[in-house]
Amino acid sequence: MSEVMMDRISWVTYEARVKRDAPVVFLPVGALEQHGPHLPLGVDAMLSTAVAAETARRVDGLVAPPLNYGYKSQARCGGGQTFPGTTSLDAASLIGLVQDVIRELARHGVRRIVVVDGHFENQWFVTEAIELAVRELRHDAPDLRVLRTEYWDFCGKAVLDPLYPDGFPGHALEHGALMETSLMLHVHPELVALDQLPDDGPAAFECYDVYPQRADGVPPSGVLSSAKGAEADKGALIFDAVCSGLADAVLREFQR
Ligand SMILES: [Zn+2]
């Protein structure tokens, strides 16, 4: 099987693959953000990279190195900026990074790009970067196509319902909780501290935000709903649903 990680092949191999196969190139975008006492700070980049790599294998694509930093954590979906370790970008920095990578990939001749977002707060800034890149490249690369996904959106009701007997708390509260913990147990089990699994939440927040950010209402563990019940098997199920859904979407959208 050929290597999918772009940073592990030479420019000569890369150039040949781009010319010969016109591969889809995936760009995982994550964050350096607390995910509770049981998960490492890099979860969002690790999971988006794992999804990108597995999907790339299925569609014969390549994966650019992930962006390991993301937009500022918000209390109601990531616990907020009050935790040590959470290390975040201003929006302009994130927009610039993503736009720069898309411009460079397009210069190499890549015309089909998938941005796999693994951090809730990144969404609109990644979108802005794509919008600006597509506008900037409309004459030089009019056939450039970019697909953006928050990978968890490929995990539908049929997969989620059996995993959450008490009801799915929603993706915003699924921070360091059952889904991310199960996925990590599937992808990087050596990085999960099972003896530290928190049983907090679901967090009860007001329906608004106040700045400067405060820790009010955020469970002290940093997770926003319970991680109890997380299992590698559940992670495998979610992971396969996500990668299958994304591979189907890539084939469907980029064949037009
Ligand atoms: Zn996360």
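Before going into details, it helps to say that this report is about the structure given with it. (Residues numbered from 1 in each chain as written. Predicted model: local features only at pLDDT ≥ 70, side-chain atom pairs only at ≥ 80, totals over all residues. Heavy atoms only, no water.)

1. Things to note about the coordination of the zinc ion
Phase 1 of the analysis: The protein atoms that coordinate the zinc ion are His-35 (NE2), Asp-44 (OD) and Glu-180 (OE), at distances of 1.9 to 2.0 Å.
Phase 2 of the analysis: Counting the intervening residues between successive donors of the zinc ion yields the motif H-x8-D-x135-E. Of this pair, His-35 sits in the loop between β1 (25-29) and α2 (43-59) while Glu-180 sits in helix α7 (residues 178-187); the two residues are 145 residues apart in sequence, bridging distant segments of the chain. Taken individually, His-35 and Glu-180 each receive the classification buried, so the pair is uniform in this respect. (Donors = N, O, S within 2.8 Å, 3.2 Å for Na, K, Ca; no water. Helix = DSSP H or I, 4+ residues; strand = E, 2+ residues; numbered from the N terminus. Buried < 20%, exposed > 50% of the residue type's maximum accessible area, 1.4 Å probe, protein only.)

2. Overview of empty space enclosed by the protein
To locate leftover empty space, one rolls a probe as large as a water molecule over the atoms.
Phase 1 of the analysis: Evaluated as defined, the whole model comprises one cavity of 30 Å³ or more.
Phase 2 of the analysis: Approximately 140 Å³ is the volume attributed to the largest cavity.
Phase 3 of the analysis: The residue inventory of the lining of the largest cavity, partitioned by class, reads six nonpolar, four polar and five charged. (1 Å grid on protein atoms, 1.4 Å probe; cavity = no way out; pocket = protein on both sides within 12 Å on 5 of 7 lines; lining within 4 Å. Points joined across faces, edges and corners; volume = space filled by probe spheres on them. Nonpolar A, V, L, I, M, F, W, Y, C, P; charged D, E, K, R; others polar.)

3. Focus: the side chain of Thr-181
Phase 1 of the analysis: Assignment of secondary structure puts Thr-181 in helix α7.
Phase 2 of the analysis: For Thr-181, a relative accessible area of 0% puts it in the buried group.
Phase 3 of the analysis: For Thr-181, the side chain forms a polar contact with the main-chain oxygen of Ala-177, separated by 2.7 Å.
Phase 4 of the analysis: For Thr-181, the contacting residues outside a window of four places in its chain are His-38, Leu-39, Gly-176, Val-192, Leu-197, Ala-227 and Ala-230. (Polar contact = N/O pair within 3.5 Å; in protein donor to acceptor, adjacent residues only side chain to side chain. Contact = heavy atoms within 4.5 Å.)

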